[in-house]
Every structure is written in C-alpha cells, then in structure tokens.
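# Observations on chain architecture
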Amino acid sequence: MPDSTRTQRQPQPPSTAHVRRAGPDDRAVLERLWPLFRHDLSRFTGTLPRPDGTFRSERLEAALTDAGWAAFLAHHGDSPVGFAFVRSLERPPFVLNSFFVVAGARRTGTGSQLVHEVLASFPGRWEVAFQEANTVARHFWRAVAAFHDRRWSEERRAVPGQPDVPPDSWIGFTVHRR
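Criteria and cut-off values
Residues numbered from 1 in each chain as written. Predicted model: local features only at pLDDT ≥ 70, side-chain atom pairs only at ≥ 80, totals over all residues. Heavy atoms only, no water. Axes fitted to C-alpha atoms, helices over the stretch in contact; angles between N-to-C directions. Helix = DSSP H or I, 4+ residues; strand = E, 2+ residues; numbered from the N terminus. Parallel < 35°, antiparallel > 145°, perpendicular 65-115°, else oblique. Left-handed = near helix turned anticlockwise from the far one by under 90°. Contact = heavy atoms within 4.5 Å. Nonpolar A, V, L, I, M, F, W, Y, C, P; charged D, E, K, R; others polar. Buried < 20%, exposed > 50% of the residue type's maximum accessible area, 1.4 Å probe, protein only.

### Structural notes on the packing of helix α3 (residues 110-121) against helix α4 (residues 135-148)
Axes are the key here: two packed helices are described by the angle between their axes and the distance separating the axes. The N-to-C vectors of α3 and α4 enclose an angle of 45 degrees; their axes lie 12 Å apart at closest approach. Relative to α4, the element α3 is oriented oblique. For the crossing formed where α3 meets α4, the hand is right-handed. Where α3 approaches α4, its residues Gly-111, Ser-112, Val-115, His-116 and Leu-119 are matched on the opposing element by Phe-140, Trp-141, Val-144, Phe-147 and His-148. Split by residue class, the contact of α3 with α4 holds six nonpolar, four polar and no charged.

What follows is the structure in structure tokens.
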C-alpha cells in the first residue's frame, strides 16, 4: 500500500526556464549551487572535498571575475535551477567549462534550453569536456553537438596534472548564427 503521507513528484512540463547572463549580484546563488555540481561530478571523478568540507572553486571565481569568462544562470520562476560557465571568450574555441542543472529540474528540457541559449550567445567553434563514465552527459553532449554541427568531433584527452584520473572526452562542434 502506498504511503499517503508522502507526496509523489509529478512530471514537470517542458522547460520554461529563464536563462540570463549572471553578474556579481548572483554570486551568492552560484556559490550555493556550486557544491551541488561538484558533488554530482565527484561520482565520476573521485574528487573529495578539502579538509574544511568545501570543493575547489577556482572556476566559479573565474566565471564571476575574469574578462575571458561568462556565467549564465537558469531559473524556473524564483528558483535557480542551473548554471553554465564559458571560458576562452577572447578567442575560439569557446569552452563550456561547467554545466549543471539541479536534480529536480532534470529531464524537463531545462538543460537543453540552457545550453542552446548559452551556445547561441557566442556563435563559432566550441569544445565541451565530460567524463565518459557519465552516460547521461555522454548522450546529452553528443546530441547537442550533432544538433549544431553534423561534422562534430570527439577525442579523449588526459587531465593535466592528474595521471591517475581517466581521460576526459572532449567534443568539438561549430555553432552557426541563427
């Protein structure tokens, strides 16, 4: 017999997220989402928190302060549901450096909406890295690349300075102006 005291999670309609460029006023929200992202990745990378319980956050800091980076934030209503960080804005290939959607907004189209709006902001050559063991990311990024460029490419690259970590998969593709 079902437990009537629990509420069942209902499927959500396709995404109607609002995606925008993040700025200094979004720092606190991004700082709260960042550990969720790093925690998700730790399943594939084996990365552990530092002794104080935090994860490295250089990419978060760069996305908020470096001229060659951009941060994007997705919301459903008032709720922040994801982010994307882009680096190498000064010259292509642009690199989608960090990409995250909270679990409650996954499989709603939010990730697709977020990534396509970010990519459309910077037409040109793109690269995205992911861990091959992350099957959801593997399928997602291949579909994104194929959507934009029928001649997309993929290669494995060692993680710099971490010979004990499996190589990342890197996808390259071109985004054309629409």
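### As for unusual backbone geometry
Note the cis peptide between Pro-92 and Pro-93, where omega equals 10 degrees. With respect to the helices, strands and loops of the structure, Pro-93 is situated in the loop between β3 (79-87) and β4 (94-101). Positive phi is not limited to glycine here, since Ser-88 has a value of about 65 degrees. Overall, the relative accessible area of 15% leaves Ser-88 in the buried class. Non-glycine residue Arg-107 carries a positive phi angle of around 65 degrees. Residue Arg-107 is classed as exposed on the basis of its relative accessible area of 86%.

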